[in-house]
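# A look at the structure
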Amino acid sequence: MARWYIIHAYSGFENKVRDSIMAEAERIGLAQLIEQIEVPTETVTEVKRGKKVQVERKNMPGYVLAKLTMNDDIYHLIKNTPKVTGFLGSMGKPQPISESEAQRFFSSREEAATQPRHKVNVDYEIGDSVKVMSGPFASFIGTVEELDFEKSRVKVSVSIFGRATPVELDFEEVELSK
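For clarity, every value in this text was computed on a predicted model and none was experimentally measured. (Residues numbered from 1 in each chain as written. Predicted model: local features only at pLDDT ≥ 70, side-chain atom pairs only at ≥ 80, totals over all residues. Heavy atoms only, no water.)

It is worth spelling out the confidence of the model for the chain at this point. Summarising the model, the chain shows a mean pLDDT of 84, and 88% of its residues fall at 70 or more. The least confident element of the chain, judged by mean pLDDT, is helix α3 (residues 99-114) at 63; the most confident is helix α1 (residues 14-28) at 95. (pLDDT = per-residue confidence, 0-100. Helix = DSSP H or I, 4+ residues; strand = E, 2+ residues; numbered from the N terminus.)

What follows deals with α1. With 15 residues, α1 should reach 21 Å at 1.5 Å per residue; the first-to-last C-alpha distance of 21 Å fits that figure. Structurally, α1 contributes buried residues whose contacts are with β1 (3-9), β2 (34-38), β4 (51-58), β5 (63-68), α2 (72-79) and β6 (84-87). Just beyond α1, the residue with positive phi is glycine 29, at close to 80°. (Expected span 1.5 Å × (residues − 1). Contact = heavy atoms within 4.5 Å.)

Counted under the stated rule, the structure contains eight salt bridges. When the shortest N-O distance is used, the salt bridge between arginine 153 and aspartate 170 registers 2.7 Å. Of the two residues, arginine 153 is situated in strand β10 (residues 153-160) and aspartate 170 in strand β11 (residues 163-170); the sequence distance between them amounts to 17 residues. Using a relative accessible area of 23% as the deciding quantity, one classes arginine 153 as partly exposed. For aspartate 170, a relative accessible area of 25% corresponds to the partly exposed category. (Salt bridge = Lys/Arg side-chain N within 4 Å of Asp/Glu carboxyl O. Buried < 20%, exposed > 50% of the residue type's maximum accessible area, 1.4 Å probe, protein only.)

Across the sheet, which stays open at both edges, the four strands sit in the order β2-β5-β1-β6 with antiparallel pairing between neighbours. The open sheet terminates on both sides in strands that have one partner only, identified here as β2 and β6. The average angle at which neighbouring strand axes cross in this sheet is 25°, direction not considered. For β2 and β5, the ladder comprises four bridges, and the chain directions are antiparallel. (Pairing = 2+ DSSP bridges. Axes fitted to C-alpha atoms, helices over the stretch in contact; angles between N-to-C directions.)

When the UniProt feature table is mapped to this numbering, "domain: KOW" (unreviewed entry) covers residues 123-150. As annotated, residues 123-150 has a helix share of 0% and a strand share of 43%, and its two end C-alpha atoms lie 17 Å apart. (UniProt positions renumbered as here; feature names shortened; annotations may be inferred.)

What follows concerns the environment of glycine 142. The topology assignment puts glycine 142 in strand β9 (residues 141-148). Looking at glycine 142, the relative accessible area reads 5%, which means it is buried. Put simply, glycine 142 and serine 159 are 17 residues apart on the chain and 7.1 Å apart in space, counted from C-alpha to C-alpha.

On to the sheet that holds β9, then. The strand order across the open sheet built from five strands is β11-β10-β9-β8-β12, with neighbouring strands paired in antiparallel fashion. Every interior strand has two partners, whereas the edge strands, β11 and β12 (174-176), have only one. Strand after strand, the sheet turns through a mean of 45° between neighbouring axes, direction not considered. Sheet topology places β10 next to β11; eight bridges connect them, and they run antiparallel. What sits directly across from valine 154, in β11, is leucine 169.

Written out as structure tokens, the structure is:
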């Protein structure tokens, strides 16, 4: 019976580990014991140089989820895969996670696909000097006072006629001043 296991891999090599396990299982005839191998990811919106960019980001770096029928051959295949450090479990013994835990992970990912809930990363923070890229304050330099990730807005204090004036802008309307 196939169960879900969590494989610990070197961070940054999760996709390579997934592909290596599948290729080796095909090569030695164990592919029928592996139902599914997933690298948990999420779509994140980042603001880079004033533009929103969709980025696929691993939400569990260093881990690969695998639904497989565990036996000695599969255990040794995975343990001997380059860049794999072992399984999640006590004393190196693979500990399966329940189907409900796995379904919770997949249902939350499906919900995210139907209702896009994006995290937004900006390359500036409170106190940083930023340049306004568009609108009536274009080319003004100001200081970040507040970041509102819910509304994707930033409050910037710009100097107008010698007075500090707070201006609320979209994340993509400003960039880190050089």
